[in-house]
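Descriptive analysis of the structure
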Amino acid sequence: MPIPQHFFADLPKGLRALAADTLDTGSKLERREFLKLATASGFALGIFPAAATAQTRGDEQVAASALKPTQQPSAFVKIGRDGVVTITINRLEFGQGVQTGLPMVLAEELDADWSKVQGVHGNADPAYVDPVMGMHLTGGSTAIKNSYVQYRELGARTRAMLLATAARRWGVDPQSLRTQAGQVIGPKGRKLGYGELADEAMKMPVPQQVVLKDAKDFRIIGRATGRLDARAKSSGRQSYGIDMHLPGMLTAVVAHPPVYGSKIQSVDDAAAKAIKGVRAVLRVPSVWGGELVAVLADGYWPAKQGRDALKVQWDSSAVGKVDSVQQLAQYRELAKRPGAPKFDADVSALGGAAHKISAEYVFPYLAHAPMEPLNCTVRVTGAGKDARVELWLGTQAPGWEVATAARVLGVAPQNVRVNVQMAGGGFGRRANPRSDYVAEACEIAKAARASGIDAPVRMIWSREDDVKGGYYRPMHVHRAEIGFDEKGRVLAWDHVIVGQSLAKGTAFEGFMLKNGVDTTTVEGMKEPYDLPMRLSVHHPELNAPVLWWRSVGSTHTAYVMETLIDEIARAVKKDPVAYRLEQFGDRHPRHKAALQLAVEKSGYGKRQLAEGRAWGVAVHQSFESVVAYVVEASVTEGAPKLHAVTAGVHCNLAVNPRSVEAQVQGGALMGLGMCLPGAAITFKDGQVEQGNFNDYTVARLTDMPAITVHIVPSADAPTGMGEPGVPPLAPAFANAIAKLSGQTPRELPFPRA
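Sequence positions are assigned chain by chain, starting from 1 and proceeding in written order. Under the rules for a predicted model, residues below a pLDDT of 70 receive no local features and side-chain atom pairs below 80 are neither given nor counted, while totals for whole chains, interfaces and linings still include all residues. Here the side-chain values reflect all heavy atoms present in the structure, with hydrogen atoms and water set aside.

1. Quick notes on the overall build of the chain
A run of H or I in DSSP counts as a helix once it spans at least four residues, and a run of E counts as a strand once it spans at least two, with each numbered from the N terminus. Regarding its fold elements, the chain presents 19 helices and 32 strands. By the compact-globule yardstick of 27 Å for 753 residues, the chain fits well, its C-alpha radius of gyration being 27 Å. Its C-alpha atoms put the chain at 80 × 70 × 45 Å along the principal axes. By definition, residues are in contact when any of their heavy atoms lie within 4.5 Å. Contacts spanning at least 24 positions in sequence make up 76% of the contacts within the chain whose residues lie at least 6 apart. Accessible area for the chain stands at about 29500 Å²; split by element, carbon and sulfur atoms hold 50% of it. Counting rule for charge: Lys and Arg are taken as positive, Asp and Glu as negative, and neither His nor the chain ends is counted. Charged groups are reduced to one reference atom each: NZ for lysine, CZ for arginine, CG for aspartic acid, CD for glutamic acid. Mean positive and mean negative side-chain charge positions of the chain (85 and 75 charges, respectively) differ by 3 Å. When we talk radius of gyration, it's over C-alpha atoms, and the globule rule is simply 2.2 Å times the number of residues to the 0.38. A 1.4 Å probe and the Shrake-Rupley method give the accessible areas. Residues count as covered only by the protein chains that appear here.

Below is the structure:
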């Protein structure tokens, strides 16, 4: 019998199709195989043991297997006899702190001893899909938000099973027992550690329903907590995907074409093969339709030397060649006329408005540039459709990688195992629906086996490979015509955005590309302000690969909205904070609370700034969280300088305030990096002109201002925090510059002094 379709029935059409592809539902994956997958990484507290054949739900007896894999404790909780609790996370840890945050949530309801808790990665098994989206994905700031209730219930179910075990052992009513710090405590002070109960508890039924704690009783959730991976990372002991080593493993480095999709005219590999340690030079297909040349060697250095020694003649005659200068001219022309409509307000009042603003904004391509370059290790054993494949990599979407490996290597998806590794950053780059670098690694492994080389293959991109040949945040041009009255009341707002679609050509197209408008392009527009806006979009198609970048569309829409709102306030001589609060009214209490907190903690309007400095303000909601910034900045000899940042954050309940603080600080620094001269990817004759940090600017320690973070107290279910810290920083900085210079910067990055 195939996997029940109720696992996917509630998904949007595009996600449902992607989930079906990822998990290979239907006749190929029978229930027996599905259960094997679901329990592959389980150990412990009974997902489908023979003894757990019935549950009690009121007066109804329910099979234990009626619970979805995402609800079964065994895939998520392992309790050792020493009392150590190992909690599996259903996300990638790549700096955001989820390997601490999710264990905190589960450990809270489990009443675990936090000093004995550790976290590990899951894999592509069905248990580890996002319980809301129904697919394997770390992205969209959803980890804590979507799994908050799930992990609480997992902890509560595990606790109930431990209580039931202790009650049976002591012959008492479970209601007479309580738990505390990894122990079950019974009458007359009797105690049993969780480690003493775990083996027996695995034979107990899994509760269908559980009662969760009241937030006032939390002792772990809500407390500022050090990260579980901090010691390993700070001591250099933490391993990442790039550190993978297997017996007999070879390393591959790839020559990519300078223009996407180019074909190979000729290859002279004599010099490459002459380098000691080089084992083979292989031609493999690219996801872009052209070809690549891979050098396989005993280690990274000989592989890189071999790659650099190749003499490849590329044929780019049949592919488009993007040129940034020409592209900007094209975008500017498109922005002068309406595109596909998103909002269609009447803008006829523009002509009679007392005040008008006409503005054009330009945003460049941006590289993700994570500290750990892209990598993937592939091991294939066996042959044909029965071959087994293992992947090791830091991936935001292990299910996509399973589907890709299965397709490239010609095996059944259930024969592919993804071992998720710690990743050194990603910012969206490790969540590519096309699985470009994974497909590349699998093609190399396939070609190596075809040439008689039967060894694991670790493919590594250099930073130059990724900066020059990766995927980018799209370039955008905005054009706005705004009319408003003497009080700052907007009468009409006519707006056009030009930029490539992120969804076009992917499994997300069916539900993210609506009536010709990619929803990621327009997210953040208009809200939270009640504006009569006509908004339309053009999505040109170019031979330049694009992908979401941390905070996605809000990277440009927040800048446009918050600088224009500030400009309107200045034009009618209103304080920008007061003007925003006036616009919020009673409709946006979370925006109001975040902004007021940032204002209060910064001393805005209450203390005198040093000469030559000005305040800048911005507030923006993304991924259901609101971040407001109040900044202090100056302009010295034409060079803007950010001196201090105060953040007010409304993310509902902060599971780990320390992680929220770190995410906002990191997001602010990334937002600042968008402003720094040189933070742009440009094309000339189809080729990316930048190659590494020497000519592609990222924010460094010397750019880091003092950043203080303040969180609005709340007991409501948490919202996402991985990305919301990015968008409002750049407009807050720009608004301070506008006060000092009289002009709002209309282009990012800021020009060189």
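2. Here's the deal with the sheet that holds strand 27 (residues 613-622)
Across a sheet, paired strands are connected by hydrogen bonds in the backbone, their directions being either parallel or antiparallel. For two strands to be treated as a pair, DSSP must find no fewer than two bridges joining them. Here four strands make up an open sheet; going across it, the order is 27-28-29-32 and the pairing mixed. With partners counted over all chains shown, the strands left at the sheet margins are strand 27 and strand 32 (706-711), one partner each. Averaged over all pairs of adjacent strands, the angle between strand axes in this sheet comes to 20°, irrespective of strand direction. Angles here are taken between N-to-C directions and fall from 0 to 180 degrees, while the axes themselves are lines fitted to C-alpha atoms, restricted in helices to the stretch in contact. Contacting strand 27, strand 28 (625-636) and strand 29 (639-650), helix 19 (residues 729-741) runs over the sheet at an angle of about 150° to strand 27.

3. Brief notes about the sheet that holds strand 12 (residues 291-297)
Here seven strands make up an open sheet; going across it, the order is 11-12-9-20-17-18-19 and the pairing mixed. In the strand order of this sheet, the two ends are held by strand 11 (278-285) and strand 19 (416-420), each with one partner. The mean inter-strand angle of the sheet, taken between neighbouring strand axes irrespective of direction, is 25°. Two strands pair when backbone bridges link them, and strand 9 (residues 250-255) and strand 12 are joined in this way by five bridges, in the antiparallel orientation. Note that in strand 12 the partner of Ala-255 across the bridge is Val-293. Lying on the sheet, helix 8 (residues 300-309) is in contact with strand 9, strand 11, strand 12 and strand 20 (457-460); it crosses strand 9 at an angle near 25°. Of the strands in this sheet, strand 9, strand 11, strand 12, strand 17 (375-381), strand 18 (388-393) and strand 20 are in contact with helix 11 (residues 436-450), which crosses strand 17 at around 40°.

4. Some thoughts on the packing of helix 15 (residues 554-571) against helix 19
One way to put it is that helix 15 packs onto helix 19 with a least axis distance of 8 Å and a crossing angle of 30°. Judged by the angle between their axes, helix 15 and helix 19 are roughly parallel. At the point where helix 15 passes helix 19, the crossing takes the right-handed sense. Residue-level contacts link Ala-558, Tyr-559, Glu-562, Thr-563, Asp-566 and Arg-570 of helix 15 to Ala-730, Pro-731, Ala-734, Asn-735, Ala-738 and Lys-739 of helix 19. Any angle that falls under 35 degrees is termed roughly parallel, while one over 145 is termed roughly antiparallel, one within 65 to 115 roughly perpendicular, and all others oblique. Take the far helix as the reference: if the near one is turned anticlockwise from it by less than a right angle, the crossing is left-handed, and if turned clockwise, right-handed.

5. Section: the nonpolar core
In this description, a nonpolar core means a group of buried Ala, Val, Leu, Ile, Met, Phe, Trp, Tyr and Cys residues linked to one another through side-chain atoms lying within 4.5 Å. Think of it in three bands: residues with accessible area under 20% of the maximum for their type are buried, residues over 50% are exposed, and the middle band is partly exposed, with areas taken using a 1.4 Å probe on protein chains only. Grouped together as the largest cluster of nonpolar side chains are 114 residues, with contacts concentrated most on Trp-493 and Tyr-629. If you look at the next biggest cluster of nonpolar residues, it comprises 43 residues, including Leu-282, Val-378, Leu-393 and Val-457.

6. Re the packing of aromatic side chains
Two aromatic rings, drawn from Phe, Tyr or Trp (for Trp, its six-membered ring), form a pair once their centres lie within 6.5 Å of each other, and the interplanar angle then sorts them: stacked below 30 degrees, edge-to-face above 60, tilted otherwise. Using the criterion set out here, one finds 16 aromatic pairs in the structure. Seen in terms of ring centroids, Phe-508 and Trp-548 are 5.4 Å apart; in terms of plane orientation they differ by 85°. Their pairing is edge-to-face. Highlighted residues: Phe-508 in the loop between strand 23 (490-499) and helix 13 (509-512) and Trp-548 in the loop between strand 26 (533-538) and helix 15, separated in sequence by 40 residues. Per residue, the accessibility class of Phe-508 equals that of Trp-548, and both read buried.

7. Some points on the side chain of His-539
Mapped onto the secondary structure, His-539 falls in the loop between strand 26 and helix 15. A distance of 2.7 Å separates a polar side-chain atom of His-539 from the backbone oxygen of Gly-499. A polar side-chain atom of His-539 sits 3.0 Å from the main-chain amide nitrogen of Asp-518. Not counting residues within four places of it along the chain, the set of residues in contact with His-539 comprises Gly-499, Gln-500, Ser-501, Leu-513, Gly-516, Val-517, Asp-518 and Thr-521. Polar contacts here mean pairs of N or O atoms no more than 3.5 Å apart (in protein, one a potential hydrogen donor and the other a potential acceptor; neighbouring residues in sequence count only if both atoms are side-chain atoms).

8. Description of the environment of Val-496
Among the secondary structure elements, Val-496 is positioned in strand 23. Between the C-alpha atom of Val-496 and that of Leu-334, which follows or precedes it by 162 residues, the distance is 8.6 Å. Among residues more than four places away in sequence, those in contact with Val-496 are Leu-334, Ala-335, Arg-337, Pro-338, Val-477, His-478, Arg-479, Ser-536 and His-538.

9. Focus: the environment of Gly-222
Along the polypeptide, Gly-222 turns up in the loop between helix 5 (194-201) and helix 6 (230-235). Residues Gly-222 and Ala-679 lie 457 residues apart in sequence; the distance between their C-alpha atoms is 36 Å.

10. Let's talk about the packing of helix 18 (residues 657-673) against helix 19
Where helix 18 meets helix 19, the closest approach of the two axes is 8 Å, and the angle between their N-to-C directions is 55°. Classed by the angle they form, the pair helix 18 and helix 19 counts as oblique. Helix-helix and strand crossings are classified by hand; for helix 18 and helix 19 the assignment is right-handed. Contacts between helix 18 and helix 19 involve Ala-668, Gly-671 and Leu-672 from the former and Leu-729, Ala-730 and Phe-733 from the latter.

11. Side note on helix 17 (residues 589-602)
Helix length check: helix 17 (14 residues) gives 20 Å between terminal C-alpha atoms against 20 Å at 1.5 Å per residue, within 8%. The complete set of buried residues in helix 17 reads His-591, Ala-594, Leu-595, Leu-597, Ala-598, Val-599 and Ser-602. Those residues of helix 17 hidden inside the fold are in contact with helix 16 (576-584), strand 27, strand 28, strand 29 and strand 32. Just beyond helix 17, the residue with positive phi is Gly-603, at close to 80°. What a helix is expected to span follows from its residue count: subtract one and scale by 1.5 Å.

12. Considerations on helix 5
Those residues of helix 5 lying buried are Tyr-194, Gly-195, Leu-197, Ala-198 and Ala-201. Buried positions in helix 5, seen along its axis, are confined to an arc of 155° and lie on one side of it. Tucked into the core, helix 5 has its buried residues touching strand 3 (77-79), helix 3 (98-110), helix 4 (143-170), strand 6 (178-180), strand 7 (183-185) and strand 8 (191-193). Along the arc lie the directions from the helix axis toward the C-beta atoms.

13. Some words on the environment of Leu-163
Relative to the assigned elements, Leu-163 resides in helix 4. Sequence separation between Leu-163 and His-650 is 487 residues; the distance between their C-alpha atoms is 37 Å. Not counting the four nearest positions on each side in its chain, Leu-163 is found in contact with Leu-177, Arg-178, Thr-179 and Val-184.

14. Notes on the pattern of salt bridges
Once the charged atoms of two side chains with opposite charge are near each other, the side chains can pair. In what follows, salt bridge is the name for a side-chain nitrogen of Lys or Arg lying within 4 Å of a carboxyl oxygen of Asp or Glu. Per the stated rule, a full pass over the model turns up 39 salt bridges. Here Glu-291 ties to Arg-283 by a salt bridge, and the two come within 3.2 Å at their closest N and O atoms. Look at Arg-283 and you get partly exposed, because its relative accessible area is 46%. Note that Glu-562 is salt-bridged to Arg-580, the shortest N-O span being 2.8 Å. Residue Glu-562 is located in helix 15, and its partner Arg-580 is located in helix 16; the two are separated by 18 residues in the primary sequence. Classification of Glu-562 as buried rests on a relative accessible area of 1%. With relative accessibility at 0%, the residue Arg-580 sits in the buried group. Through salt bridges with shared partners, one network takes in Glu-108, Asp-111, Arg-159, Lys-213 and Arg-219.

15. Here we look at unusual backbone geometry
The peptide bond linking Glu-527 to Pro-528 adopts the cis configuration, its omega dihedral lying at 0°. For the peptide bond that leads from Leu-748 to Pro-749, omega is -5°, which places it in the cis range. Note on placement: Pro-749 falls in the segment after helix 19. The backbone phi angle of Lys-573 is positive, close to 60°, even though this residue is not glycine.

16. Section: the side chain of Arg-580
There is a polar contact of 2.8 Å between the side chain of Arg-580 and the side chain of Asp-566. Setting aside its immediate chain neighbours within four residues, Arg-580 contacts Tyr-529, Glu-562, Ile-565, Asp-566, Leu-595, Val-617, Ala-618, Val-619 and Asn-735.

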